[in-house]
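Structural overview for review
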Amino acid sequence: MSFCVSFWAVYTLWSYPDLLPTFTTWPLVLEKLVGGADLMLPGLVVPPAGLPQVQKGDLCAMALVGNRAPVAIGVAAMSTAEMLTSGLKGRGFSVLHTYRDHLWQSGDKSSPPSMAPLALDPPDLSEEKGSAQAAPALQGDMRRLTLAEENQENGEVQQQMCGEKSLPEASKDPSVRGLNPDPTDSRALQEQMDELLQRCFLHALKCQVKKADLPLLTSTFLGSHMFSCCPAGQQLDIKRSSYKKLSKFLQQMQQEQIIQVEELSRGVESIVAVDWKHPRITSFVIPEPSPTSQTIQEGSREQPYHPPDIKPLYCVPASMTLLFQESGHKKGSALEGGEVRTIIVSYAKKNDLVDADNKNLVKLDPILCDCILEKNEQHTVTTLPWDSLLSRCLERLQPAYQVTFPGQEPIVKKGKICPIDITLAQRASNKKVTVVRNLEAYGLDPCSVAAILQQRCQASTTVTPAPGSKDGLQVQIQGNQVHHLSRLLLEDYQLPRKYIQGLEKAPKPSRKK
């Protein structure tokens, strides 16, 4: 079993993603899998074509929403038919290996590549027989690959599958629904997506976009407004509509005189006018609102993201222990700013250091002199105002901070918390990319954020190791996507603006002169 798993490491599947039947789950579930949990069936995302057909004991791969690259390998605990019969409840897979586990660490420690998800349509059931016959051949090809691996000193696979893997059967259970338009609908998926696209468009114009928002970047309109109007349980994907591109869809809406679109800067289109009295907008019936905050599906519960509570702290250094020891604190003690102020005031009053003639001044004794004065001030400065005394004291204490995530014990760390860092970079192809770092410090999974941004921005995303960081990851999004990041971090995740740097890099549309 150990050799088999070694061969089927995620590194191999990143080069040959179709070798194993692949199931899709939510990005935040990856943390649970890396921690040793098995994959439960309620965590699966069911595509329109249904789940891949497997039998109990079959080796399977697991990928995340928005990226086809496998991140885990496991054994099916039941057949696909049994999964559907159970209503997608219970344990689905025994996980053997994941991205970021010890087996992965024995390799080059690279991150999953960005692979576009397969646009699976329901298969032609007339080919069902041929697909069933192909399965044994596929198992034979896998065994041959295993034998070939034994003969490769450098671990590279030089043989490939002979037969193509057939598309899975469409699920016949009407209760099984994924993130896409209703697979039980008799209409074509393209027609469903066209209707969903127009519904989200009208909903966004009627409820979210105001005249003061114009001109509005079309990419911002899509990512920040239309996606948040998508009904729960469905996923907006323009590439699956008949329009294929946002620009073509907006051209159609402009021809219907609902909006006016202009290219305010080279290659960047914006909505500059909206006819809110248009019959299609006024007659649109607003559906019940759906949550826009990040959620993960674990079991049958939805867990919304809540930002951590962050408090700045001050640690007592060795040079100031005499000043704080009277209050029961020692070297390394972490204190809040209010506690420091109380201790200093108490020390001054207890040692009769408040100036009798001017209550706003504090006389400096030898301990205070050693703690807060520079060497050239030792014999010249004898008193300080309260505000100067307190500010000098805080400056000489060592910075620290406390992070408390909902439902968890507080964590104290030395230094200052690094803000979420947003930068723009120029690649060799002369194209801009948006880079985001330090998401993990705020309890955000980079893979999950990348998957969300890929949908909102309709742009490719990758997750790679952050330069200069031991374990940190960074998210790269094609193009200038700072507007989308701003909306996601400030509004959806409710993170304070002071913990995010780089928001000013968002493109600012301007009208033609």
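The structure we're discussing is the one just above.
Residues numbered from 1 in each chain as written. Predicted model: local features only at pLDDT ≥ 70, side-chain atom pairs only at ≥ 80, totals over all residues. Heavy atoms only, no water.

**Here we look at the side chain of Q481**
Positionally, Q481 belongs in the loop between β21 (473–478) and α16 (482–492). What makes Q481 buried here is its relative accessible area of 8%. A distance of 2.8 Å separates a polar side-chain atom of Q481 from the backbone oxygen of Q478. The contact partners of Q481, leaving out residues within four places of it in the chain, are T434, C457 and A459. (Helix = DSSP H or I, 4+ residues; strand = E, 2+ residues; numbered from the N terminus. Buried < 20%, exposed > 50% of the residue type's maximum accessible area, 1.4 Å probe, protein only. Polar contact = N/O pair within 3.5 Å; in protein donor to acceptor, adjacent residues only side chain to side chain. Contact = heavy atoms within 4.5 Å.)

**Brief notes about the sheet that holds strand β7 (residues 216–217)**
Across the sheet, three strands lie side by side as β7-β9-β8; this open sheet has antiparallel pairing. Two strands bound the open sheet, and with one partner strand each, they are β7 and β8 (259–265). The pairing of β7 with strand β9 (residues 268–274) spans two bridges and is classified as antiparallel. Bridge pairing links L216 to I271 in β9. Sheet strands touched by helix α9 (residues 246–255): β8 and β9. Its angle to β8, the strand with the most contacts, is close to 130 degrees. (Pairing = 2+ DSSP bridges. Axes fitted to C-alpha atoms, helices over the stretch in contact; angles between N-to-C directions.)

**What to know about the packing of aromatic side chains**
Here the distance between the centres and the angle between the planes together describe a pair of aromatic rings. Tallied over the full model, the rule gives nine aromatic pairs. Between the aromatic rings of Y11 and W14, the centroid separation amounts to 5.4 Å while the plane-to-plane angle is 80 degrees, which identifies the pairing as edge-to-face. Note that Y11 and W14 are positioned in helix α2 (residues 10–15) at a spacing of three residues, about one turn of the helix. Relative to F249, the ring of F201 has its centre 5.3 Å away and its plane inclined at 90 degrees; by these criteria the two rings are edge-to-face. Taken together, the residues span a long stretch of sequence, with F201 in helix α7 (residues 189–207) and F249 in helix α9 at a distance of 48 residues. Site record: aromatic cluster; members linked through ring pairs are Y11, W14, Y99 and W104. (Phe/Tyr/Trp six-rings, centres within 6.5 Å; stacked < 30°, edge-to-face > 60°.)

**Focus: the pairing of strand β19 (residues 432–437)**
In this sheet, β19 lies alongside strand β18 (residues 420–426) in antiparallel orientation, the contact comprising six bridges. Along β19, the bridge assignment pairs A425 with V433. Note that β19 and β21 share four bridges and pair antiparallel. Paired with V435 across the bridge in β21 is Q476.

**Considering the pattern of salt bridges**
Following the criterion strictly, the structure yields 14 salt bridges and no others. For K311, the salt bridge goes to E336, with nearest N and O atoms at 3.6 Å. With K311 in strand β12 (residues 309–315) and E336 in the loop between β13 (334–335) and α12 (337–350), the pair connects residues that are 25 residues apart, well separated along the chain. When its relative accessible area of 33% is taken as the criterion, E336 is described as partly exposed. One network of salt bridges, in which partners are shared, links E374, E395 and R396. (Salt bridge = Lys/Arg side-chain N within 4 Å of Asp/Glu carboxyl O.)

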